[in-house]
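What follows is each chain in one-letter form.
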Amino acid sequence: MAHILVTNDDGLEAGGLLALKNALSAVGRVTVMAPDHNWSASGHVKTLHKPLRVNEVRLADGTPAFATSGAPSDCVALACLGFIQEPIDLVVSGINQGYNLGHDVTYSGTVTAAMEGVISGIPSIAVSLGWRPEMDYECAARFAARLAPKVLEVGLPPYTLLNVNVPNLPQDQIKGVRITRQGLRKYRDELVKRLDPRGRPYYWIAGEPSSEMEEEDTDVWAVENGYISITPLQLDLTAHAMIEQLRNWGLEV
Ligand code: MN
């Protein structure tokens, strides 16, 4: 029976984690190891400067789980480096409360947990659900349980993960599944400066995603048009097209 590690970045008490664990329990034996608080938008973290703690806890339905003081990527590293003794066949991260599209992926704790999984040589999937005041994880969880056996069966190329985004719609309103590329999801970020009670300035960075025209083969387009998006992501960020050009700069020591 396959052994699946489930983690997330919204923290151990998030509803998306429980829904994912429940759905994947039909696919294999599930171990849950997740951060003890919300790490959304924490990026790819390796905790080197302080110890990591692990506590045995229970999810809302009583399932045993491990809560760590580390980031999502720390959870995966801890598990893969031997804290979990049984070999792990698949890492699934999510279900995140909100999309991880375009440039979100390097900020996302959900996606970077899956990156850590593939660095450890384990096929990995990140699953995110569009945000709404009412989050209903059932459809996304069911789709994860449909995708996981396929990944277990055929595997993924080295250093490659699947980034899955599901529209937050009733199942009968989802139009289908699109295989996509990373789109552009920029934020209209603004720097807000305020003064604290002692008169010293502090800053917030905040902004809404902008809605630019997206091409039909992107993750952003797919979810905006009612499709589940699956983007294969690779850890190699090399801009291959520029290598030749850069060599021609003739740089010398
Ligand atoms: Mn999150």
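Definitions and cut-offs
Sequence order sets the numbering: in each chain, residues are counted from 1 along the sequence as written. Note on the predicted model: pLDDT of at least 70 is required for a residue's local features to be given, and 80 or more for side-chain atom pairs to be given and counted; whole-chain, interface and lining totals, by contrast, use all residues. The side-chain quantities take in all heavy atoms of the structure and omit both hydrogens and water. Each salt bridge in this description consists of a side-chain nitrogen of Lys or Arg and a carboxyl oxygen of Asp or Glu lying within 4 Å of one another. Secondary structure counts use DSSP, requiring at least four H or I residues in a row for a helix and at least two E residues in a row for a strand, with both numbered from the N terminus. For each residue, the accessible area found with a 1.4 Å probe, counting protein chains only, is set against the maximum for its type, and the residue is called buried under 20%, exposed over 50%, and partly exposed in between. Here, residues are in contact when the closest pair of their heavy atoms is within 4.5 Å. Each metal site lists N, O and S donors within 2.8 Å (3.2 Å for Na, K and Ca). With water left out of the atoms, a site can look as if it is missing ligands. By this rule the span expected of a helix is its residue count minus one, scaled by 1.5 Å. Each pair of strands is called paired provided DSSP finds at least two bridges between the two strands. Axes here mean lines fitted to C-alpha atoms, for a helix over just the part in contact, with angles spanning 0 to 180 degrees between N-to-C directions. Each polar contact in these results corresponds to two N or O atoms within 3.5 Å; when the atoms are within protein, one needs to be able to donate a hydrogen and the other to accept it, and residues that are neighboring in sequence are counted only if both atoms are side-chain atoms.

(A) Molecular detail of the pattern of salt bridges. If you walk through the whole model with that rule in mind, you get seven salt bridges. In this structure, the salt-bridge partner of E216 is R178, at a minimum N-O distance of 3.9 Å. Separated by 38 residues along the polypeptide, E216 in the loop between β10 (201-206) and α6 (219-224) and R178 in strand β8 (residues 176-179) bring together distant segments of the chain. Classification of R178 by relative accessible area gives partly exposed; the value is 25%. Several salt bridges converge on common partners, so that one network encompasses R181, E215 and D217.

(B) Fine view of helix α1 (residues 15-24). Within α1, seven of the ten residues are buried, which leaves it mostly tucked inside the rest of the structure. Looking only at α1, the buried set comprises G16, L17, A19, L20, K21, A23 and L24. At its buried positions, α1 is contacted by β1 (3-7), β2 (29-35), β5 (90-97) and α5 (138-154).

(C) Examining the coordination of the manganese ion more closely. Bound to the manganese ion are the protein donor atoms D9 (OD), D10 (OD), S40 (OG) and N96 (OD1), situated 2.0 to 2.2 Å from the metal. Between consecutive donors of the manganese ion, the numbers of intervening residues give the motif D-D-x29-S-x55-N. Here D10, found in the loop between β1 and α1, pairs with N96, found in strand β5; they are 86 residues apart in sequence, far enough to count as distant.

(D) Quick look at α5. Over its 17 residues, α5 runs 25 Å from end to end, which matches the ideal 24 Å to within 8%, given 1.5 Å per residue. Restricting attention to buried positions, one finds in α5 the residues C139, A140, A141, F143, A144, A145, L147, A148 and V151. Lining the buried residues of α5 we find α1, β5, β6 (124-129), β7 (160-166), β8 and β11 (227-234). Following α5 by one or two positions, G155 adopts a phi angle in the positive range, close to 75 degrees.

(E) The sheet that holds β1, seen in detail. In space, the nine strands of this open sheet follow the order β3-β4-β2-β1-β5-β6-β7-β11-β8, with mixed pairing throughout. In this open sheet, the two strands that pair with only one neighbour each are β3 (54-58) and β8. With direction set aside, neighbouring strand axes in the sheet form an average angle of 25 degrees. In the sheet, β8 pairs with β11 via four bridges, with the strands oriented parallel. Directly across from I179, in β11, lies its bridge partner I230. Lying on the sheet, α1 is in contact with β1, β2 and β5; it crosses β5 at an angle near 140 degrees. Those strands touched by helix α4 (residues 109-119) are β1, β5, β6, β7 and β11, and its axis lies near 170 degrees from that of β6.

(F) Structural view of the environment of D10. According to the relative accessible area criterion, D10 is buried, its value standing at 12%. Spatially, the C-alpha atoms of D10 and S40 are 5.9 Å apart, while their sequence positions differ by 30 residues. Apart from the residues within four sequence positions on either side, D10 is in contact with H37, N38, S40, I95, N96 and Q97. Among the polar contacts made by the side chain of D10, one reaches the main-chain amide nitrogen of Q97 at a distance of 2.9 Å.

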